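Here's the letter readout for the chains.
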Amino acid sequence: MSQTPKSHIFYQPFTFALLLCIFAFLSHVALGILDHYLTHTFSILALGLLLFTLKKHSNTLFLITLTFIFIIALGYTPSGLLYGPASIGIIASVYETNFSETLGFFRAMPLSIYFFTFFYLLLFIVLLFINRHITPSKNNKSAYYLIYFILLAFALYQPISKEITNTDKEKEFSIADFFKASDFYLVSFLANTLKVNNTYLTQRDLLNDALTKTPEWHILSVEPKYQNYVLVIGESMRRDYTSLYGYPQKTTPFLEQVNGLIFDLYVAAGPNTQPSLQRTLYRSINNNEETVYTDNIISLAKLAHYKTYWLSNQGKVGEWDTMASRIGIQADESFFTKKGGYDSDNIADTALLAPLKQLLAKDKDQTKLIVLHLIGSHPTFCAHLNGEEPKFHLISREMSCYLDTLKQTDSLLSEVNQILKDQGQSYSIIYFSDHGLAHLGAGKNLSMLNNKEYKQSYAVPFVRFSSDDTKRTLVKNPQSAFNFIHGFAQWLGIKESHLSQEDFFNPKPQPIKVFNWRALVDYQSLKEDPAKQEP
């Protein structure tokens, strides 16, 4: 005799409860719980119990809660599986990443994330289907309210305990901080996301306010050595994939042979553009924990009476202007190749060469600072080859394209150097990359994206070459991008009261820290992600 739908094991309360617990577990994973699952066992069971109780009590409340959790978790899945809980770096990427960069992000994601997303979506659909065959019970309201009370106590126990034992009575109460302490992960995730979102928006407002305020710089003297200074800010170039630092394929032939100064190890301040350049191009205080938003490389150079120019191939649009473009618009003259936005066109960095020539040809009696901000090796890499096949070969097509983009940047630096030579004036050029990348995927799907866990996400090239250089100098001691603002002033011959007078280009041994989207951590504590080579 065949079973009726409601008598089938598939529609039994136990089966439904088990599937809800699996849904709760996968939701935790999607929201960034990638390890220490036992620590979050009670949170997972609490979410499963909440959903099951809601179903027995009210189908409407159950559907609203289930759908809300699903939408939040599904939307966060790519970031959660790659980077963990929400951080300032992730929030900044949401605000400052354009449509084409988002497409590139999804193209570079490993297949495992797509499989997880498919299974999570399938489980949600199955739960909705089974839900139609399970009827709520109105007979145990007192039991439901008891469960709700227990779950509420579980969610609030740690926040209340922390508030009671708080000894800092001057600290302003924050709802986000209060709920962030909850052992119920869904609550703490939402509170933490709200907190880091507010932190980002506060930083953005401070940056915007800084545009109308007077810098705090106090210049003591200015003695420029060269007529033209060119700072080239690269994008996503890992140190260990350049032949300059020993990679077997000739990705940077110009940098290999040009006379100048090379840091053997230069460490970016952060693993992606926004937090890295904030801590590189602005002055930091309180052991690099805070940023002085009025004090940056452009405001310093202008105060020292340099003629300043900003040439960018990274775009500038509307309300959510990036960290770098906010500095760029402060220059005496700025030029953005993508005035309609990042994704308006796929423009090569060589588009900056013509305006560079024009700027150098005028006002020749003025000392100039020209900043070139490149698109460089930004993921996805093959998009930068304008439909051409990569000339290098490395495991996957994306990685082959990555090596090609390194060669493109190297060729651009060679052209910049030649343009400056042709002017017949003294000049000095600094090139560094804003951050590196880390591998993800394998085989033909191998690519790279931002990742805070690995040394190679921070280890980048740094080269200075000038019109009067006659030899190559390798600086053995490591240098941190947190100190760049001090080296920038030294490079321009500026002495300023807030900045160190130590020789940036000949550093003493020092501990190197990086900002991993949450806090400053020791660079040496990070994991290794070595460069790949052909078998």
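Residues numbered from 1 in each chain as written. Predicted model: local features only at pLDDT ≥ 70, side-chain atom pairs only at ≥ 80, totals over all residues. Heavy atoms only, no water.

(A) The overall build of the protein chain, seen in detail. Secondary structure assignment for the protein chain yields 16 helices and 19 strands. Each of the three principal axes of the protein chain carries a C-alpha extent, and together these read 95 × 60 × 40 Å. The burial tally for the protein chain puts 53% of its 535 residues in the buried class. For the protein chain, the proportion of contacts with a sequence separation of at least 24, taken over those separated by at least 6, is 77%. Accessible surface, the protein chain: about 24,200 Å² in total, of which carbon and sulfur atoms supply 58%. Averaging the coordinates of the 47 positive side-chain charges in the protein chain and doing the same for the 47 negative ones gives two points 6 Å apart. (Helix = DSSP H or I, 4+ residues; strand = E, 2+ residues; numbered from the N terminus. Buried < 20%, exposed > 50% of the residue type's maximum accessible area, 1.4 Å probe, protein only. Contact = heavy atoms within 4.5 Å. Areas by Shrake-Rupley, 256 points an atom, 1.4 Å probe, with all protein chains shown as cover. Lys, Arg positive; Asp, Glu negative; His and termini not counted. Charge placed at Lys NZ, Arg CZ, Asp CG, Glu CD.)

(B) Here's a closer look at the sheet that holds strand β2 (residues 228-234). If you trace the eight strands from one edge of the open sheet to the other, you get β8-β7-β9-β2-β10-β14-β3-β15, paired in mixed fashion. Of all the strands in the sheet, just β8 (333-336) and β15 (472-475) have a single pairing partner and so form its edges. When strand polarity is set aside, the average angle formed by the axes of neighbouring strands in this sheet is 10°. Bridge count between strand β10 (residues 427-433) and strand β14 (residues 462-466): five bridges; the pairing is antiparallel. Considered in β14, the bridge of Ile-430 is made with Arg-464. In the packing of helix α15 (residues 397-423) onto the sheet, contacts are made with β2, β9 (368-373), β10 and β14, and the angle to β10 comes to roughly 165°. Seen against the sheet, helix α16 (residues 484-491) touches β2, β9, β10 and β14 and runs at an angle of roughly 170° to β10. (Pairing = 2+ DSSP bridges. Axes fitted to C-alpha atoms, helices over the stretch in contact; angles between N-to-C directions.)

(C) Fine view of a nonpolar patch on the surface. Among the surface-exposed residues, Phe-14, Leu-18, Ile-22, Phe-118, Phe-119 and Leu-122 lie close enough to one another that they form a single nonpolar patch of about 630 Å² accessible area. Inspection of the secondary structure puts Phe-119 in helix α6 (residues 111-131). (Patch = residues over 30% accessible without salt bridge, like charges linked within 9 Å, V, L, I, M, F, W, Y side chains within 5 Å. Salt bridge = Lys/Arg side-chain N within 4 Å of Asp/Glu carboxyl O.)

(D) Geometry of the side chain of Thr-242. Within the secondary structure layout, Thr-242 lies in the loop between β2 and α10 (253-257). Accessibility expressed as a relative area gives 1% for Thr-242, which makes it buried. At a separation of 2.7 Å, a polar atom in the side chain of Thr-242 contacts the main-chain carbonyl oxygen of Arg-239. Setting aside residues up to four positions removed in sequence, Thr-242 forms contacts with Met-237, Tyr-247, Thr-251, Thr-252 and Pro-461. (Polar contact = N/O pair within 3.5 Å; in protein donor to acceptor, adjacent residues only side chain to side chain.)

(E) Seen up close, the packing of aromatic side chains. Following the criterion strictly, the structure yields 34 aromatic pairs and no others. An aromatic cluster is built from Tyr-226, Tyr-229, Phe-263, Tyr-266, Tyr-306, Phe-432, Phe-462, Phe-484, Phe-488, Trp-491, Phe-504 and Phe-505, whose rings are joined through pairwise contacts. The ring centre of Phe-515 lies 3.7 Å from the NZ or CZ of Arg-279, which sits over that ring. (Phe/Tyr/Trp six-rings, centres within 6.5 Å; stacked < 30°, edge-to-face > 60°. Lys NZ or Arg CZ within 6 Å of the ring centre and 35° of its normal.)

(F) Molecular detail of the sheet that holds strand β4 (residues 266-267). Spatial ordering of the open sheet is given by β13-β4-β16, a layout of three strands whose pairing is mixed. Each of the sheet's edge strands pairs with one partner strand only, and the pair in question is β13 (459-460) and β16 (479-480). Sheet topology note: the β4/β13 ladder contains two bridges and is antiparallel. Pairing of Tyr-266 across the sheet is with Val-460, part of β13.

(G) Molecular detail of the pairing of β9. Counting buried residues in β9 gives six out of six residues, a clear majority hidden from the surface. Neither face of β9 is open: one carries Lys-368, Ile-370 and Leu-372, the other Leu-369, Val-371 and His-373, and all of them are buried. Where β2 and β9 come together, six bridges link them in parallel fashion. Across the sheet, residue Tyr-229 finds its bridge partner in β9, namely Leu-369. As judged from the six bridges shared by strand β7 (residues 307-312) and β9, these two strands associate in the parallel manner. Within the sheet, the bridge partner assigned to Ser-312 lies in β9 and is His-373.

(H) Seen up close, the environment of Ile-147. Relative to the assigned elements, Ile-147 resides in helix α7 (residues 141-164). For Ile-147, a relative accessible area of 22% corresponds to the partly exposed category. Sequence separation of Ile-147 and Ala-181 is 34 residues, and the distance between their C-alpha atoms is 21 Å. Apart from the residues lying within four places of it in its own chain, the contact partners of Ile-147 are Leu-49 and Thr-53.

(I) Region of the structure containing the pattern of salt bridges. Applying the stated rule across the entire model yields 15 salt bridges. With a closest N to O distance of 3.1 Å, Lys-362 and Glu-333 form a salt bridge. Separated by 29 residues along the polypeptide, Lys-362 in the loop between α14 (353-361) and β9 and Glu-333 in strand β8 bring together distant segments of the chain. A network of salt bridges, in which partner residues are shared, links Glu-216, Arg-283 and Asp-295.

(J) Broad picture of the nonpolar core. Phe-23, Leu-281, Ile-297, Trp-310 and Phe-484 are the most contacted members of the largest nonpolar core, which has 103 residues in total. Looking at which element gives the most residues to this core, the answer is helix α3 (residues 59-83), with nine residues. Setting aside chain neighbours within four positions, we find Ile-297 in contact with Leu-231, Leu-281, Trp-310, Ile-327, Leu-369, Val-371, Phe-484, Ile-485 and Phe-488. With 44 residues, the next largest nonpolar core counts Tyr-241, Ile-370, Ile-419 and Val-463 among its residues. (Core = buried A, V, L, I, M, F, W, Y, C linked by side-chain atoms within 4.5 Å.)

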